[in-house]
Amino acid sequence: MKDITHIAVLRNDVLGDVALSCPLFTKIKQQWPHATLTVIVQEVTAPLLTLHPAVDHIITDYRQTHRASFPILLNTIVSALKKQQFDMIFFPKMDALYVWAAFLAKIPCRVGDKQQLLLNPLLTHKVPIIWHDFTRHESEQQCQLLSPFNQNLTNLENLDCELIMTDQMKDAVKKKFALPDKEFILMHPGFGKGNRGW
């Protein structure tokens, strides 16, 4: 495989899912430290990734920036992906529009979930992920997407989001939620159908 210089990750869903992908971004950067990492996200989740040290560029989901029919939107994304000249794209979310676009754009390395039978023929690297294996955290499951490139994945039980929070941001949260001047934790008790509950 030629040198990997530009990597993309598709994570164009809700905030919790983007947060659960943060360890994957870190592991990608550890595997290819000199590569540029671009993440495709919804506009509402983009601010979270500005806090992540592994993320170099953020692209807003083309569905939000280009309101169009499927064929026109597909053509737009294919053109955009070709222009970006990605060497590799990871799909922790197997969005059919983007999987097809990456295939048509001829991104050399396309990594995703082998269990997605209708889309996996479009992938170059198919990783079997059992999303409903509740013995493993979802972040661990996503990091398995790196297994074709690193058979010695370690420390998957101690994954960290690695978000860089400034004192100004912490103070703003304390003020917004009228929190006492102590350390604090914010919890979101809801969970999706594939995630383990509290």
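Check the entry above for the structure.
A brief look at the structure comes next. Every chain begins its residue count from 1, and numbering advances along the sequence as written. It should be noted that, the model being predicted, local features are given only for residues of pLDDT at least 70 and side-chain atom pairs only at 80 or more, the latter also being counted only at that level, while totals for whole chains, interfaces and linings use all residues. The side-chain numbers reported here are obtained from all heavy atoms of the structure, hydrogens and water having been left aside.

### Things to note about the overall build of the protein
Then step 1. Here a helix means four or more residues in a row that DSSP labels H or I, a strand means two or more in a row labelled E, and each is numbered from the N terminus. Helix and strand content of the protein: seven helices and six strands.
Then step 2. Reading the protein from its N terminus to its C terminus gives the helix and strand order β-α-β-α-β-α-α-β-α-β-β-α-α.
Then step 3. Taken across its 198 residues, the protein has 44% of its residues classed as buried.
Then step 4. The criterion used for residue contact is that any of the two residues' heavy atoms lie within 4.5 Å. In the protein, once contacts between residues fewer than 6 apart in sequence are set aside, the share between residues at least 24 apart is 54%.
Then step 5. Roughly 11400 Å² of accessible area belongs to the protein as shown, and the carbon and sulfur atoms make up 56% of that amount. Throughout this description, buried means an accessible area under 20% of the type-specific maximum (1.4 Å probe, protein chains only), exposed means over 50%, and partly exposed covers the range between. To measure how exposed things are, a 1.4 Å probe is used in the Shrake-Rupley method; for residues, cover is taken only from the protein chains shown.

### A short note on unusual backbone geometry
Then step 1. The backbone of Gln85 shows a phi angle near 55°, a positive value even though the residue is not glycine.
Then step 2. Its place among the elements puts Gln85 in the loop between helix H4 (70–84) and strand E4 (88–90).
Then step 3. Phi at Lys106 takes a positive value of approximately 60°, unusual for a residue other than glycine.
Then step 4. As for its position among the elements, Lys106 is in the loop between helix H5 (96–104) and strand E5 (109–113).

### Re the side chain of Thr45
Then step 1. You can see Thr45 is positioned in the loop between strand E2 (36–41) and helix H2 (46–49).
Then step 2. Definition of a polar contact: a pair of N or O atoms within 3.5 Å, with one able to donate and the other able to accept a hydrogen when the atoms are protein atoms, and with sequence-neighbouring residues admitted only if both atoms are side-chain atoms. Of the polar contacts made by the side chain of Thr45, one reaches the backbone oxygen of Gln42; its length is 3.0 Å.

### Thoughts on the pairing of E2
Residues in a regular strand point their side chains to alternate faces of the sheet.
Then step 1. With respect to burial, E2 is a largely interior element, five of its six residues being buried.
Then step 2. As paired elements, strand E1 (residues 6–10) and E2 share five bridges and run parallel to each other. Across the sheet, residue Ile7 finds its bridge partner in E2, namely Leu37.
Then step 3. Convention used here: a crossover is right-handed provided that the path from the first strand, over the helix, to the second strand proceeds clockwise when the strands point away from the viewer. Taken together, E1, helix H1 (residues 15–31) and E2 constitute a β-α-β crossover, and its handedness is right-handed.
Then step 4. In this description, strands pair whenever DSSP reports at least two bridges between them. In terms of strand pairing, E2 meets strand E3 (residues 57–60) through four bridges, oriented parallel. Its bridge partner lying in E3, Val41 is registered against Thr60.

### Things to note about the pattern of salt bridges
Then step 1. Criterion for a salt bridge: a side-chain nitrogen of Lys or Arg within 4 Å of a carboxyl oxygen of Asp or Glu. Counted under the stated rule, the structure contains five salt bridges.
Then step 2. The residue Arg11 makes a salt bridge to Asp13 at a minimum N-O spacing of 2.5 Å.
Then step 3. A residue is classified by how much of its surface remains accessible, and Asp13, at 11% relative accessible area, is buried.
Then step 4. We note a salt bridge from Lys93 to Asp95, for which the minimum N-O separation is 3.9 Å.
Then step 5. Three or more residues are tied together by salt bridges with common partners; here these are Asp61, Arg63, Lys93 and Asp95.

Purely geometric stuff here, so don't read any function into it on its own.
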